[in-house]
Amino acid sequence: MKLTVLGAAREVTGSCYLIETTSARFLVDCGMVQGGRAAKQRNYQPFGFDPANLDFVLLTHAHIDHSGMLPKLVRDGFRGPILTTDATGDLLEVMLPDSAHIQEADAERAARGHHGTSKARQTPVAPIYTMRDAEACLRQVRPMPYDKSFAPHPDVVCAFRDAGHILGSAIIELWVTEAGETVKLVFSGDLGQPGRAILRNPTLISEADILVMESTYGDRAHRDQAATIDEMVEIINHVSPRGGNIVMPAFAVGRTQEILYHLHCLSRQNRLHDLSIYVDSPMADRATRITTRHLELFDEEAHALADWHDAGRGLPALHFTASVEESKALNQVRSGAIIISASGMCDAGRIRHHLRWNLPRPECAVLITGFQAQGTLGRRLVDGAERVRIFGEDIAVRASVHTLNGFSAHADRPALLAWAAGFSKPPAQVLVTHGEAAAAQSFAQALRTDLGWSVVVPELGATLDWPPAASGKTDQ
Ligand SMILES: [Zn+2]
């Protein structure tokens, strides 16, 4: 058996692993590379294998950096099943068409640029894939339950376990048989922080010959979530009497549902009162509906909250705005509204309208709950900009801007180490991926010193053979 790391090697996006035996060839994840322009260009390059020769794909979760290249895989000839959890299948129906729409819009903009002066930019003008490709891809998705093993191939058995990262996220356990010998692989996928809202904690796995493990926050500990929630209560209760609105940029899938959960929890506990919440993002609306359809994935606290919600007393007023007209009408609401909108980093989508209207008013507040990448409008607000440009207009920042650091969809270093400590004996081969080089190396070192594991931080394109070559060949 041969495993090739085709993405998320010393970086956090583009997750993709190719597994080949004498009888089977398949992928675990097929993600898009995200980040700057140079990084994005990699998505235009042909796959390093023939998609038509793959038997199937296993998908850990719906995030685009794990799923985003599936439509291209289908366009380039892949005809097999895409096996994933039920909830991930539902989320893909929202996320892949949205991604296709972004690819088409980017290509259109690039094409316009080429007619002008920016020939040197050399952006390919064809979209990476289209809406049609995304729709074709969705027809190949086969939902599978958690915790029930299935055999996508006579020599491969697979099981999905809770990863606690986003709705539908899975750890993949895999038994691959070749020449009468079975090797056990575990892909952690992205692991959630234990104790997070809504979802159950990541399942502990006790055995693996080969472990591929994420390390996004492998070099740091998160701020305590309880302290973050206290801070959120304080800000909301402080801003409300000022007579302004609170604007919260949030990722449509995951973070929006988490914030809604906390706002409901805090209302139930009487720590917040008479909230009027507006969710202004069609994608967040759909993702929230999908989330509430999957009660079976909720943890105990979330079930208790759902029961309280059904009783219908003391609930916050929650509005989902669908049409552009409804969204625009929100601009007339001068006070008392909590507006949750996307994009999470404020560089696209309806959130920009709400910032344009509320930023100049000192009685309003902006509450940042997610990571803000360098170069985004959200980052400029976090960094304390006094003026920002929105839709080509110069906007004064008079609203207060608050950053809440304790929400994260990823496990931090102590949580990653605790999950790794669940193995009853060291896996023979451990690959640390899905982390910037510094985070991945730091986490690999922690696994070596704390658990005595032998660990590799593979480079892009690195391969691992099983059984290992007698010479003990490793990449590093
Ligand atoms: Zn993820």
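(A) Molecular detail of the overall build of the protein chain. On a plain count of helices and strands, the protein chain comes out with 14 helices and 22 strands. For the protein chain, whose C-alpha radius of gyration is 23 Å, the value lies close to the compact-globule estimate of 23 Å for 476 residues. Referenced to the eigenvectors of the C-alpha coordinate spread, the extents of the protein chain come out at roughly 70 × 55 × 40 Å. Contacts in the protein chain between residues at least 24 apart in sequence constitute 74% of all its contacts with a sequence separation of at least 6. Surface summary for the protein chain: the accessible area is close to 20,200 Å², and the carbon and sulfur share equals 50%. Within the protein chain, one finds 46 positive and 55 negative side-chain charges whose respective centroids are separated by 7 Å.

(B) Expanded view of the sheet that holds strand 14 (residues 317-320). Spatially, 14-13-15-12-16-19 is the arrangement adopted by the six strands of the open sheet, whose pairing is parallel. The open sheet terminates on both sides in strands that have one partner only, identified here as strand 14 and strand 19 (400-403). Averaged over all pairs of adjacent strands, the angle between their axes in this sheet comes to 20 degrees, without regard to strand direction. Here helix 7 (residues 255-268) sits on the sheet and contacts strand 12 (246-249), strand 13 (276-280), strand 14 and strand 15 (337-341); the angle it forms with strand 15, its principal contact strand, is near 155 degrees.

(C) Layout of the coordination of the zinc ion. At 2.2 to 2.4 Å from the zinc ion lie its protein donor atoms, namely His61 (NE2), His63 (ND1), His165 (NE2) and Asp190 (OD). Around the zinc ion, the four donor atoms sit at angles spanning 89 to 169 degrees, and that spread fits a shape best called irregular. If you list the donors of the zinc ion from N- to C-terminus, the spacing comes out as H-x1-H-x101-H-x24-D. Residue His61 is found in the loop between strand 4 (56-58) and helix 2 (64-67), and its partner His165 is found in the loop between strand 8 (156-162) and strand 9 (170-178); the two are separated by 104 residues along the sequence. Comparing His61 with His165 shows no difference in burial state: the two are buried.

(D) Quick look at helix 6 (residues 225-239). In this model helix 6 runs 21 Å from its N-terminal to its C-terminal C-alpha over 15 residues, within 8% of the 21 Å that 1.5 Å per residue would give. Residues of helix 6 that are buried make contact with strand 12, helix 7, strand 15, strand 16 (365-368) and strand 19.

(E) Here's a closer look at the nonpolar core. Ranked by internal contacts, the top residues of the largest apolar core, which has 103 residues, are Leu3, Phe26, Leu58, Leu73, Leu174, Phe187 and Leu263. Formed jointly, this core draws a minimum of three residues from each of two domains, domain 1 (7-220 + 409-465) and domain 2 (225-403). Not counting residues within four places of it along the chain, the set of residues in contact with Leu3 comprises Tyr17, Leu18, Ile19, Leu185, Phe187, Ile210, Val212, Leu431, Ala462, Thr463 and Leu464. Core analysis: the next-biggest nonpolar cluster, separate from the first, contains 25 residues, Ala163, Ala208, Leu416 and Phe443 among them.

(F) Broad picture of the layout of surface pockets. By volume, the second largest pocket amounts to about 440 Å³. Around the second largest pocket, the lining comprises 21 residues; the ones closest to its centre are Thr288, Thr292, Phe298, Leu305 and His309. At the level of secondary structure, the elements contributing two or more residues to the lining of the second largest pocket comprise helix 7, helix 8 (282-293), helix 9 (300-311) and strand 14. Tallying contributions element by element places helix 9 first for the lining of the second largest pocket, with seven residues. The residue inventory of the lining of the second largest pocket, partitioned by class, reads ten nonpolar, seven polar and four charged.

(G) Looking closely at the pattern of salt bridges. Tallying each qualifying case throughout the model produces 20 salt bridges. Notably, a salt bridge pairs Glu20 with Arg25, separated by 3.4 Å at the nearest N-O pair. Notably, a salt bridge pairs Asp162 with Arg200, separated by 3.1 Å at the nearest N-O pair. Remark: Arg200 occurs in the loop between strand 10 (181-187) and strand 11 (210-214) and Asp162 occurs in strand 8; sequence separation between them is 38 residues. One connected set of salt bridges, linked through shared partners, spans Asp147, Arg161, Glu173 and Lys184.

(H) Main features of the pairing of strand 9. Sheet analysis places strand 8 next to strand 9, joined by seven bridges and oriented antiparallel. By the bridge assignment for strand 9, Arg161 is matched with Ile171. Direction of pairing for strand 9 relative to strand 10: antiparallel, over a ladder of seven bridges. Paired with Glu173 across the strands is Val186, a residue of strand 10. Taken together, strand 9 and the strand that follows it, strand 10, pair antiparallel across an intervening segment of two residues, in which Ala179 is found at a positive phi of about 50 degrees.

(I) Representation of the state of the cysteines within the structure. Counted by the stated rule, this structure contains zero disulfides. Cysteine Cys16 shares no disulfide, and the gap to the nearest cysteine sulfur, in Cys30, comes to 4.7 Å. Not engaged in a disulfide, the cysteine Cys346 finds its nearest cysteine sulfur in Cys364; these two sulfurs lie 15 Å apart. Classification of Cys346 as buried rests on a relative accessible area of 1%.

Criteria and thresholds
- Residues numbered from 1 in each chain as written.
- Predicted model: local features only at pLDDT ≥ 70, side-chain atom pairs only at ≥ 80, totals over all residues.
- Heavy atoms only, no water.
- Helix = DSSP H or I, 4+ residues; strand = E, 2+ residues; numbered from the N terminus.
- Rg over C-alpha atoms; globule rule 2.2 N^0.38 Å.
- Contact = heavy atoms within 4.5 Å.
- Areas by Shrake-Rupley, 256 points an atom, 1.4 Å probe, with all protein chains shown as cover.
- Lys, Arg positive; Asp, Glu negative; His and termini not counted.
- Charge placed at Lys NZ, Arg CZ, Asp CG, Glu CD.
- Pairing = 2+ DSSP bridges.
- Axes fitted to C-alpha atoms, helices over the stretch in contact; angles between N-to-C directions.
- Donors = N, O, S within 2.8 Å, 3.2 Å for Na, K, Ca; no water.
- Tetrahedral: all angles 85-135°; square planar, octahedral: opposite > 155°, others 65-115°.
- Buried < 20%, exposed > 50% of the residue type's maximum accessible area, 1.4 Å probe, protein only.
- Expected span 1.5 Å × (residues − 1).
- Core = buried A, V, L, I, M, F, W, Y, C linked by side-chain atoms within 4.5 Å.
- Domains from an automatic or database assignment.
- 1 Å grid on protein atoms, 1.4 Å probe; cavity = no way out; pocket = protein on both sides within 12 Å on 5 of 7 lines; lining within 4 Å.
- Points joined across faces, edges and corners; volume = space filled by probe spheres on them.
- Nonpolar A, V, L, I, M, F, W, Y, C, P; charged D, E, K, R; others polar.
- Salt bridge = Lys/Arg side-chain N within 4 Å of Asp/Glu carboxyl O.
- Disulfide = S-S within 2.5 Å.

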